[in-house]
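Architecture and fold: a report
One letter stands for each residue in the lines below.
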Amino acid sequence: PTIGVVIPAAGRSTRAGQGCQKAYRRIGGDTVLNRVLKQFRSWNTNCPIIVVHHGDDTSLLQASIDRDSNIHTTTGGVERQASVLQGLRFLSSLPECPSHVFIHDAARPFATHRLLNDVLECLIEEPLTGVIPAIAVSDTLKKTDSNGLVRATISRDGLFRAQTPQAFTLQTILHLHEMAATSTSSYTDDASLLEEAGLPVRIVQGDSQNIKLTYSHDFEEGERLLRANSP
Ligand code: CTP
Ligand code: MG
């Protein structure tokens, strides 16, 4: 397969607080977004990478990343779904339009080359299947009622926590996102669109260090991971 990458980075970071968009915050001296870009670039030296940013963040973006000729930028939408669609449209309009796309949240700067290789390997074996990294749930799961009282314990059999990057054939995921944009359903990840269409999605073993920076304390955890992994 030939690969392109779409990186949604157009969110407003409301849960992270601190008055700064998280993709442009620095951890270990580099911005979160630039870490993601460098990680993909060192993994695949010339694949097209589309960064989807918020229209208000243009100058932040310019100041935050090392550009190269195959890193492209486009503006996103109000929901993640709309941002991903913009990125996919841009990618498919390129002359060197790839067969497959990795969609990866800007907020996950710790995806290792091992993880990217595992996703790619699975894609090579089953090119028409969506591939996502995920981790089996280990906590006991409780379901509550509207008063916050526990009503049931849910079996964690076959339950996973999904991560990114999620990989698909570009034309399939683009088509599904185009369809989704005309409906009112909303999705928190991209594999959901295949699932709803009855198309197969395969899980590969995720990585516990591939955390999503969501809350302020996740940045502390990120700094800790960097220190633990630095030589
Ligand atoms: N994202 C996006 N466009 C949106 C919303 C989200 O590109 N309209 C991106 C975010 O920038 C992030 C990824 O999708 O890289 C995952 O979203 P999330 O962690 O929820 O980030 P935010 O939406 O920015 O944070 P919050 O939900 O706390 O506002
Ligand atoms: Mg969000």
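That block above? That's the structure.
This write-up is about the structure you can find in this document. Worth saying up front: this structure is predicted, and the values here are computed from it rather than measured.

Assigned secondary structure in the protein chain consists of seven helices and twelve strands. Counting all 231 residues of the protein chain, 47% fall into the buried class. Here the analysis covers contacts within the protein chain between residues at least 6 apart in sequence; of these, 70% occur between residues at least 24 apart. Averaging the coordinates of the 22 positive side-chain charges in the protein chain and doing the same for the 25 negative ones gives two points 5 Å apart.

This next bit is on the nonpolar core. Of all hydrophobic cores here, the largest spans 29 residues; its most connected members are Val5, Ile7, Leu33, Leu37, Phe40, Ile49 and Phe102. Of all the secondary structure elements, the ones that give two or more residues to this core are strand S1 (3-8), helix H1 (32-43), strand S4 (49-53) and helix H4 (113-125). Broken down by element, the residue count for this core peaks at six residues, all from H4. When residues no more than four places from it in sequence are discounted, the contact partners of Leu37 are Ile7, Ile49, Val51, Ile65 and Ile71.

Note that Arg108 resides in the loop between strand S6 (100-103) and H4. Put simply, Arg108 is tucked away with no salt bridge, and the nearest opposite charge, on Asp105, sits 4.4 Å away. Excluding residues that lie within four positions of it along the chain, Arg108 makes contacts with Val36, Ala162, Gln163, Thr164, Asn210, Ile211 and Lys212.

Right, let's talk about the site of ligand 1 for a bit. The full set close to ligand 1 counts 18 residues, and Ser13, Thr14, Arg15, Ser83 and Lys212 are the nearest of them. The separation between an oxygen atom of ligand 1 and a polar main-chain atom of Arg12 is 3.1 Å. Protein burial of ligand 1: of its 560 Å² of free accessible surface, 88% is covered by the chains.

The next subject is unusual backbone geometry. Trans peptide bonds make up most of the peptide bonds, and negative phi angles are found at most residues other than glycine. Note the cis peptide between Thr164 and Pro165, where omega equals 10°. Structurally, the position occupied by Pro165 is in the loop between strand S10 (160-162) and strand S11 (166-169). The residue Ser13 is not glycine, and still its phi comes out positive at about 55°. Secondary-structure assignment places Ser13 in the loop between S1 and strand S2 (26-27). Take Ser13: its relative accessible area is 12%, and that puts it in the buried class.

Before going further, it helps to examine the packing of aromatic side chains. As enumerated under the stated definition, the model contains two aromatic pairs in all. Relative to Trp43, the ring of Phe40 has its centre 6.2 Å away and its plane inclined at 80°; by these criteria the two rings are edge-to-face. Of this pair, Phe40 and Trp43 are both found in helix H1, three residues apart, which corresponds to roughly one turn of the helix. Here Phe40 falls in the buried class, since its relative accessible area comes to 1%. The class of Trp43 is buried, set by a relative accessible area of 15%. Through pairs of rings, three or more aromatic residues link up here, namely Phe40, Trp43 and Phe102.

Quick notes on the rules
- Residues numbered from 1 in each chain as written.
- Chains lettered and ligands numbered in written order.
- Predicted model: local features only at pLDDT ≥ 70, side-chain atom pairs only at ≥ 80, totals over all residues.
- Heavy atoms only, no water.
- Helix = DSSP H or I, 4+ residues; strand = E, 2+ residues; numbered from the N terminus.
- Buried < 20%, exposed > 50% of the residue type's maximum accessible area, 1.4 Å probe, protein only.
- Contact = heavy atoms within 4.5 Å.
- Lys, Arg positive; Asp, Glu negative; His and termini not counted.
- Charge placed at Lys NZ, Arg CZ, Asp CG, Glu CD.
- Core = buried A, V, L, I, M, F, W, Y, C linked by side-chain atoms within 4.5 Å.
- Salt bridge = Lys/Arg side-chain N within 4 Å of Asp/Glu carboxyl O.
- Near = heavy atom within 4 Å.
- Polar contact = N/O pair within 3.5 Å; in protein donor to acceptor, adjacent residues only side chain to side chain.
- Areas by Shrake-Rupley, 256 points an atom, 1.4 Å probe, with all protein chains shown as cover.
- Phe/Tyr/Trp six-rings, centres within 6.5 Å; stacked < 30°, edge-to-face > 60°.

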